[in-house]
Amino acid sequence: MKRPDLVAPYARQLIEAIRATEPEPEVRDFGDVVDDEVTRRTLQEHEAAERGRRIFGRRTLINVVVAITEQEPSSSFDVVDNLVVLFEDVDPSVVGGAIDALGELAAANPSVVAPVGDRLRDCLDHDHRVVRARSVRALGRLGDDAAVEKLRALAETDDDENVRTIAAETADFLVNGL
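Reference entry: report on the structure contained in this document. It should be emphasised that the depicted structure is a prediction, and the values quoted were computed from it without experimental measurement.

Observations regarding the overall build of the chain
Then, in step 1: For the chain, the count of helices and strands is 10 helices and zero strands.
Then, in step 2: In sequence order, the chain lays out its α and β elements as α-α-α-α-α-α-α-α-α-α.
Then, in step 3: Principal axes of the C-alpha set define a box for the chain whose edges measure 65 × 40 × 25 Å.
Then, in step 4: A burial count over the chain gives 41% of its 178 residues as buried.
Then, in step 5: Of the contacts made within the chain by residues no fewer than 6 positions apart, 66% connect residues no fewer than 24 positions apart.
Then, in step 6: In the chain, 22 positive and 36 negative side-chain charges are present, and the distance between their average locations comes to 4 Å.

See below:
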């Protein structure tokens, strides 16, 4: 992002826009309002296309928020709680972006993110490996010693080899400062 200063004052509003546009987990069936199969299928296709556009837009917005936190972290210190709310989003890309933003804030000022360290640790149990991996990275940037035990367990049990590797490396980093 070439000019983060232009959008940095609007980080809270961007996060609110992401929250306000969360799509339903699945496309509506329309069987309750339309009997005709062709019409129902057409409505479903339209709904799926609209849902896809909404998801793309939301992912773009979370990427803007991450860019703001990378380049102007102090402008977003006051949106930590707003970012944590996105952990409940249906889209793992949005959850991962919120975690990345917190990781950037933690790198700039760990004390700003420390109060939500437990929420980041909870993300290590997320269903999606990308969310777990991003949580590991954010916890490492936070310097969260309380995460070591959970990171060691993740390093032993995660289904994904890459997550296991970064969890082990991050736990070692937190313990040894390497």
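Once the structure has been displayed, the description carries forward.
A word on the nonpolar core
Then, in step 1: Formed by 45 residues in total, the largest nonpolar core has its most connected members in Leu83, Phe87, Leu102, Val113 and Leu120.
Then, in step 2: Listed by contribution, the elements that provide at least two residues to this core are helix H2 (11–20), helix H3 (37–71), helix H4 (80–85), helix H5 (92–108), helix H6 (110–113), helix H8 (129–142), helix H9 (148–157) and helix H10 (161–176).
Then, in step 3: With eight residues, the top contributor of residues to this core is H5.
Then, in step 4: If we ignore the near neighbours within four places in the chain, the residues touching Val113 are Val80, Leu102, Leu105, Ala106, Leu120 and Leu142.

Notes on unusual backbone geometry
Then, in step 1: The phi dihedral of Phe30 falls on the positive side, at around 70 degrees, and the residue is not glycine.
Then, in step 2: In this structure, Phe30 sits in the loop between H2 and H3.
Then, in step 3: Assessed through its relative accessible area of 9%, Phe30 is described here as buried.

Thoughts on the packing of H8 against H10
Then, in step 1: Running from N to C, H8 and H10 point in directions that differ by 15 degrees, and their axes come no closer than 10 Å. Considering the angle they form, H8 stands roughly parallel to H10. The handedness of the crossing between H8 and H10 comes out as left-handed. Facing Arg129, Arg132, Ala133, Val136, Leu139 and Gly140 of H8, the residues of H10 in contact are Val163, Ile166, Ala167, Thr170, Phe173 and Leu174.
Then, in step 2: Across the contact of H8 with H10, the residue classes tally to eight nonpolar, two polar and two charged.

Some words on H5
Then, in step 1: With 17 residues, H5 extends 24 Å between its outermost C-alpha atoms, agreeing within 8% with the 24 Å of an ideal straight helix rising 1.5 Å per residue.
Then, in step 2: Counting buried positions along H5 gives 13 out of 17 residues, so the element sits mostly inside the fold.
Then, in step 3: Taking the backbone nitrogen of Ser93 as reference, a side-chain oxygen 2.9 Å away marks Asp91 as the first, capping residue of H5.

Cut-offs and rules
Residues numbered from 1 in each chain as written. Predicted model: local features only at pLDDT ≥ 70, side-chain atom pairs only at ≥ 80, totals over all residues. Heavy atoms only, no water. Helix = DSSP H or I, 4+ residues; strand = E, 2+ residues; numbered from the N terminus. Buried < 20%, exposed > 50% of the residue type's maximum accessible area, 1.4 Å probe, protein only. Contact = heavy atoms within 4.5 Å. Lys, Arg positive; Asp, Glu negative; His and termini not counted. Charge placed at Lys NZ, Arg CZ, Asp CG, Glu CD. Core = buried A, V, L, I, M, F, W, Y, C linked by side-chain atoms within 4.5 Å. Axes fitted to C-alpha atoms, helices over the stretch in contact; angles between N-to-C directions. Parallel < 35°, antiparallel > 145°, perpendicular 65-115°, else oblique. Left-handed = near helix turned anticlockwise from the far one by under 90°. Nonpolar A, V, L, I, M, F, W, Y, C, P; charged D, E, K, R; others polar. Expected span 1.5 Å × (residues − 1). Polar contact = N/O pair within 3.5 Å; in protein donor to acceptor, adjacent residues only side chain to side chain.

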